[in-house]
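What follows is the residue order along each chain.
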Amino acid sequence: MEQLRIALIGCGGRSKAHQNSFEQMDCVKIVAVADPIEARRNEAAERFGVDPARVYADHTALLDNESKETVDAIVIAVEPTAHVEMETRIIDMEIPFLVEKPYCIDLEYAEDIARRVEQKGLITSVGFQDRYLDLVDIVKEELPKHKPGGLVYGSWIGGIPGPWWWQKKSTCGGQLVEQNIHLVDGLRYLFGEPLSVYATCSRGIVQPGVDASVEYDTDDHSTAVYRFSNNVTVTLVSGCYVKGIRPHNGLVVTLDDMILDYRLRNNLIITTAEGEKDIPRGVDQTYLLDEAFVKAILTGDRSLIRSDYADALKTHRMAFAANESMETGKVVYL
Ligand SMILES: NC(=O)c1ccc[n+]([C@@H]2O[C@H](COP(=O)([O-])OP(=O)(O)OC[C@H]3O[C@@H](n4cnc5c(N)ncnc54)[C@H](O)[C@@H]3O)[C@@H](O)[C@H]2O)c1
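Thresholds applied
- Throughout, a residue's number is its position along its own chain's written sequence, starting from 1.
- At least 70 in pLDDT is required for a residue's local features to be given in this predicted model, at least 80 for side-chain atom pairs to be given and counted, and no such filter applies to totals for whole chains, interfaces and linings, which use all residues.
- Side-chain descriptors were evaluated using all non-hydrogen atoms of the structure, hydrogens and water having been removed beforehand.
- All domain edges in this entry derive from an automatic or database-based domain assignment.
- Every residue pair with non-hydrogen atoms within 4.5 Å of one another is taken to be in contact.
- In this description, buried area is defined as the sum, over both parts, of the accessible area (probe of 1.4 Å) that is lost when the two are combined.
- By definition, a salt bridge exists where a carboxyl oxygen of Asp or Glu is found within 4 Å of a side-chain nitrogen of Lys or Arg.
- Polar contacts, as counted here, are pairs of nitrogen or oxygen atoms within 3.5 Å of one another; within protein the pair requires one atom able to donate a hydrogen and one able to accept it, and residues that are adjacent in sequence qualify only if both atoms are side-chain atoms.
- Working definition: helices are DSSP H or I runs of at least four residues, strands are E runs of at least two. Numbering for both runs from the N terminus.
- Under this grouping Gly is polar, as are all residues other than the nonpolar Ala, Val, Leu, Ile, Met, Phe, Trp, Tyr, Cys and Pro and the charged Asp, Glu, Lys and Arg.
- By convention in this text, a residue qualifies as near a molecule or strand provided that one of its non-hydrogen atoms is within 4 Å of it.
- Computed with the Shrake-Rupley method and a 1.4 Å probe, the accessible areas treat only the protein chains shown as cover for residues.

Structural notes on the domain arrangement of the protein
Looking at the protein, the domain boundaries give domain 1 (4-128 + 286-306) and domain 2 (130-283 + 318-333). For domain 1 and domain 2, the distance between their C-alpha centres works out to 27 Å. Every contact between the two is made by 18 residues of domain 1 and, on the other side, 19 residues of domain 2. Carbon and sulfur atoms make up 64% of the surface buried where domain 1 meets domain 2, a total of about 1,600 Å² over both sides. The three residues of domain 1 that bury the most area against domain 2 are Ile105, Phe128 and Arg306, which together make up 47% of that side's buried surface. The interface formed by domain 1 and domain 2 includes two salt bridges. Across the salt bridge formed by Lys101 and Glu178, the nearest N and O atoms sit 3.9 Å from each other. Taken together, domain 1 and domain 2 are joined by six residue pairs in polar contact (both at pLDDT 80 or more). Ranked by residues supplied to the side of domain 1 that touches domain 2, first place goes to helix H10 (residues 285-299) with three residues. Classifying every residue of the side of domain 1 that touches domain 2 by side-chain character gives eleven nonpolar, three polar and four charged.

A short note on the site of the ligand
In the region of the ligand, 26 residues are neighbours, and Arg14, Asp35, Arg40, Gln129 and Glu178 sit closest. Between the ligand and Arg40 there is a distance of 2.6 Å, counted from an oxygen atom to a side-chain nitrogen or oxygen. For the ligand, the protein covers 86% of the area, taking 850 Å² as the surface of the free molecule. Per-class residue counts for the shell around the ligand are ten nonpolar, seven polar and nine charged. Shared between two domains, the shell around the ligand holds at least three residues of each, these being domain 1 (4-128 + 286-306) and domain 2 (130-283 + 318-333).

See the structure below:
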């Protein structure tokens, strides 16, 4: 295979980050694109010189007209509620795919997809970009050198979400599932599988129809307490209500002799008795995520992929368990 022929399903914000990666890779050719928004699909098609006959109004049209003879891989970046008859068809067509998180907001659907992927033995990748960060590598390598156990504080607090689907809990799953799932995944990556979670959520700061659309009904903020083995307890906060300020986001791990302060996709501050070391991010983690997917298909080496569909399902279960706790007020044991 000289060039990997990729089709894009969804040409919105996140797709553009993948497009930036693929534009830099000689071994990749974007051959087909789909998006219901005409301007978006045309922009992507023009960028890569896609044959107009292969520019489609949605994933159904693309999948009706393409096959594994014409496309080697598909990149899916659509809103969480749009994953309808998408992965199931792609799996039946035996085409490897990379899918953005959260890969749906219906856990049963995700469990079904994971089973089908396994049956076909397909190569998949999920967009947990932080796993490819040099800063996260440093934290992962550092942890086993110390006495296990300690407190972890994670936060992702930002402004009122823009996209229509992000403003409704029923279409985004809530901020923990839609956005802070990156840090949820980071916790699994660093500390293993969790034991339990208790979570709360709150609304009332963002006024529907004033600060956001009249349909706004997602939580303004939530707090989840995850317990892991080895005496690790995490408090993970999510917030999407602030205006004009940039809160401190990321993960702060306090060990008995070191603080690892991972500042979301920006830098890592390591503090010990000897002093402080500030390490800036040195890689483009989305490029590395995309490169790992492409190389895994070209070489057959799946170990390059740091989170595939089956692995990401565990992170999804962890995020949905927090949502369950928010609804029931009870601790969920995992
Ligand atoms: N990994 C990351 O860091 C990261 C960052 C941002 C967003 N995301 C995720 O990426 C996904 C998309 O987010 P976004 O910001 O690009 O949203 P977006 O709204 O900007 O883009 C989604 C696009 O999908 C298109 N679409 C919807 N249904 C479709 C269909 N049936 N066929 C083809 N296209 C369809 C929409 O028209 C839209 O253009 C979300 O799940 C989001 O959580 C991941």
